[in-house]
Amino acid sequence: MSSYILFTSASPSPASIESIEPPQPEDKADSEQEKFDWYSQWYPVMPVCDLETRVPHAKKVLGLDLVVWWDRNENEWKVFDDTCPHRLAPLSEGRIDQWGRLQCVYHGWCFSGCGDCKFIPQAPPDGPPVHTFKKACVPVYPSTVQHDILWFWPDADFQYKDIITKKKPPYLPELDCHSFTKLIGNRDIPYGYEVLIENLMDPAHLPYAHYGIMGTQSHKMKVDREGGRPLEMSINKLDVNGFTGKREWRSYNFIAPCVFRVFSDPVVNQGNRFQALAQTKKALPANRQISMIVLCVPVSPGNSRLIWTFPRNFGLWIDRIVPRWMFHIGQNLIIDSDLYILHVEERKIMDIGANNWQTVCFVPTKSDAFVVGFRTWLNKFAGSKIDWRGKFSGALPPSPPRQQLMDRYWSHVAKCKSCNTAYKALNALEVVLQVASIISIGIVAATKRGVMAMVTRTTLVSMAIICFAASRWLAHFIYRTFHFHDYNHAFR
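Each chain has its residues counted from 1, following the order in which its sequence is written. In view of the model being predicted, local features appear only for residues whose pLDDT reaches at least 70, and side-chain atom pairs are presented and counted only at 80 or more, with totals across whole chains, interfaces and linings using the full set of residues. Hydrogens are left out, water is left out, and the side-chain values use all remaining heavy atoms of the structure.

Draft legend 1. Examining the overall build of the protein more closely. Starting at the N terminus, helices and strands are each numbered in turn, a helix being any DSSP run of H or I of at least four residues and a strand any DSSP run of E of at least two. For the protein, the count of helices and strands is 13 helices and 18 strands. Buried positions account for 49% of the 492 residues belonging to the protein. Here a residue-residue contact requires only that any non-hydrogen atoms of the pair lie within 4.5 Å. Long-range contacts, defined here as pairs at least 24 residues apart, represent 70% of the contacts in the protein between residues at least 6 apart. Reported accessibility uses the Shrake-Rupley method at a 1.4 Å probe radius. Residues are deemed covered only where the shown protein chains occlude them. In the structure as shown, the protein presents an accessible area of about 24500 Å², 58% of it carried by carbon and sulfur atoms. When accessible area is computed with a 1.4 Å probe and restricted to protein chains, residues below 20% of their type maximum are described as buried, those above 50% as exposed, and intermediate ones as partly exposed.

Draft legend 2. Main features of the packing of aromatic side chains. Under the pairing criterion, centres of Phe, Tyr and Trp rings, with the six-membered ring standing for Trp, must be within 6.5 Å; the plane angle then separates stacked pairs below 30 degrees from edge-to-face pairs above 60, leaving the rest tilted. In total, this model carries 23 aromatic pairs according to the counting rule given. The interplanar angle of 65° and the centroid separation of 5.2 Å between the aromatic rings of Trp 70 and Trp 77 together place this pair among those described as edge-to-face. Like Trp 77, Trp 70 is buried. Judged by centre distance (6.0 Å) and plane angle (70°), the rings of Tyr 193 and Phe 374 are edge-to-face. Pair noted here: Tyr 193 is in helix 3 (residues 193–200) and Phe 374 is in helix 10 (residues 369–382), with a separation of 181 residues, a long-range link.

Draft legend 3. Region of the structure containing the side chain of Glu 174. Along the chain, Glu 174 falls in the loop between strand 11 (149–152) and strand 12 (184–189). Assessed through its relative accessible area of 6%, Glu 174 is described here as buried.

Draft legend 4. Structural context of the sheet that holds strand 6 (residues 102–103). Whether two strands pair depends on DSSP finding at least two bridges between them. Judged by pairing direction, the sheet is antiparallel, and its 4 strands sit side by side in the order 5-6-7-8 without closing on themselves. A single partner strand is all that each edge strand has here, and the edge strands are strand 5 (95–96) and strand 8 (117–119). Sheet topology note: the strand 7 (residues 110–111)/strand 8 ladder contains 2 bridges and is antiparallel. In the sheet register, Phe 111 faces strand 8, and the bridge partner there is Cys 117.

Draft legend 5. Fine view of the pairing of strand 4 (residues 76–81). Burial of strand 4 is extensive: 5 of the 6 residues sit out of reach of the surface. Note: strand 3 (residues 64–71) against strand 4, 6 bridges, orientation antiparallel. Its bridge partner lying in strand 4, Val 67 is registered against Phe 80. Connecting strand 3 to the antiparallel partner strand 4 that follows it, the hairpin turn spans 4 residues, and Asn 75 within it adopts a positive phi of roughly 60°. By the bridge criterion, 2 bridges tie strand 4 to strand 9 (residues 140–141) in an arrangement that is antiparallel. Paired with Phe 80 across the bridge in strand 9 is Val 140.

Draft legend 6. Summary view of the pattern of salt bridges. We count a salt bridge whenever a side-chain nitrogen from Lys or Arg sits within 4 Å of a carboxyl oxygen from Asp or Glu. In total, this model carries 19 salt bridges according to the counting rule given. Asp 188 serves as the salt-bridge partner of Arg 305, at 3.0 Å between the closest nitrogen and oxygen. A residue pair is termed long-range when its members are at least 10 positions apart, and Arg 305 in strand 18 (residues 303–309) and Asp 188 in strand 12 qualify at 117 residues. Within the structure, one salt-bridge network assembled from shared partners comprises Glu 74, Glu 76 and Lys 78.

Draft legend 7. Region of interest: a nonpolar patch on the surface. Each patch is built from residues that are more than 30% exposed by relative accessible area and take part in no salt bridge. Like charges join if they lie within 9 Å; nonpolar side chains (Val, Leu, Ile, Met, Phe, Trp, Tyr) join within 5 Å. On the surface, a cluster of nonpolar side chains totalling about 320 Å² of accessible area is made up of Val 431, Val 435, Ile 439 and Ile 443. Here Ile 439 lies in helix 12 (residues 417–446).

Draft legend 8. Structural view of the sheet that holds strand 2 (residues 57–61). Strand order in the open sheet made by the 4 strands is 2-3-4-9, with antiparallel pairing throughout. For this open sheet the edge positions go to strand 2 and strand 9, each flanked by a neighbour on one side alone. Pairing of strand 2 with strand 3 involves 5 bridges; the strand directions are antiparallel. Looking at the pairing, Ala 58 lines up with Val 67 of strand 3.

Draft legend 9. Layout of the environment of Asp 338. With respect to the secondary-structure elements, Asp 338 resides in the loop between helix 7 (324–337) and helix 8 (339–352). As a C-alpha pair, Asp 338 and Tyr 487 span 149 residues in sequence and 8.4 Å in three-dimensional space. Residues contacting Asp 338, with those up to four places away along its chain left out, are Asn 199, His 205, Ala 209 and His 210.

Draft legend 10. How the structure looks around unusual backbone geometry. In the segment running from Ala 256 into Pro 257, the intervening peptide bond is cis, with an omega of 5°. Note that Pro 257 resides in the loop between strand 15 (250–255) and strand 16 (259–264). A positive phi angle is found at Asn 75, which is not glycine, with a value near 60°. Structurally, Asn 75 is set in the loop between strand 3 and strand 4. Classification of Asn 75 as exposed rests on a relative accessible area of 55%. In this structure, Ser 384 takes a positive phi of about 70° despite not being glycine. Position of Ser 384 among the secondary structure elements: in the loop between helix 10 and helix 11 (402–405).

Honestly, that's just the spatial picture; any functional story needs more than this.
Here it is, written out as structure tokens:
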């Protein structure tokens, strides 16, 4: 996530003390004309690179329990309701049988890619064809793969079967261009969609919440150690579909409800403005472009999913030789460094009520422009909250212990093919080092002094010590990289 630095350096513009207008109470006339429908949108589920085709996957989006599986008969991903119509067992705990059907492992019922039940083992072959009854079918959600990400439409009604022909997922040009890198990551986040997306829209927190992790560009005038300063940010257009914004040579685009995109403006034909930016070393060289694309997925109250990528059209060779999991080390550390802060912040917002955000939060500078813009959109078009359709009471889940809250394994490693592979390989290497250490000591202990030369004995003992020390260091690295890495701001 170090690429984020390119979009979050402080602006050279003069400080602005102009107050930002907070979100206003919803206008009834506008509300009746334009109301955001949470269930008439495409939602990203997962990057396909992190989906295993041999097993079904349990996912939750908008409070809907989904099972994602690969239908090899139709050669495409399917998204079903994660409920067997027989006794409501989770289909995600099932398997894909030898005929490529999704099988519920509770009683063996099998389903095709269109949701039809194809086999009920308990039904007599000479009896009525109960597997053909409508009640034996599984609801199927419309789904598609775009930009190597699986998207789904959260309404399984038959009228939306061909919704892809009328409305497509948001188009992201960088992810459709072969000249851009497309390394992608995902992680489940223990705070809600609203806090997640507004945090990603806020560049002013980076020098402080991520101090010591993310580099910041130096400036002649530095008011504190971290390098925070006024930011000139503005929103150009805001409507039911999101908003667009501007900051220096960067453009911002919020495509409701999930996509937030930051991209560099073309550096040609900018006249004196480009020259000024070049002098401050803030603009990218000509023909070089980099973007930040984050997809923020509402999962349930107090939980969300983040999918991120930083497409760029230079340094493509780096991604070919550096494994993806190595990029995820730093990116996960950045997520962890303000995770606890945001988890607590969400609970404070819940206590005062989301409708009262504008009366409690003091946002007097332009550096909060995009956060205010998002809250304005949420308040005006979505009634200040996600429509869970009565699936939740509105209360947040209990806060787990800090170590469990910031656990990386179940939130990321187990769901990322690259990190999971690296985790297993490094664990195996740790065992090999321990075995090598034990064998070396065993050989020295079992061999009489006169039989083995002193140089050989010393070499084996040294190798045993090195292997043991390496295994201990590796165990520590594995734990901090793939399980838990705390972040104490007071000692940064």
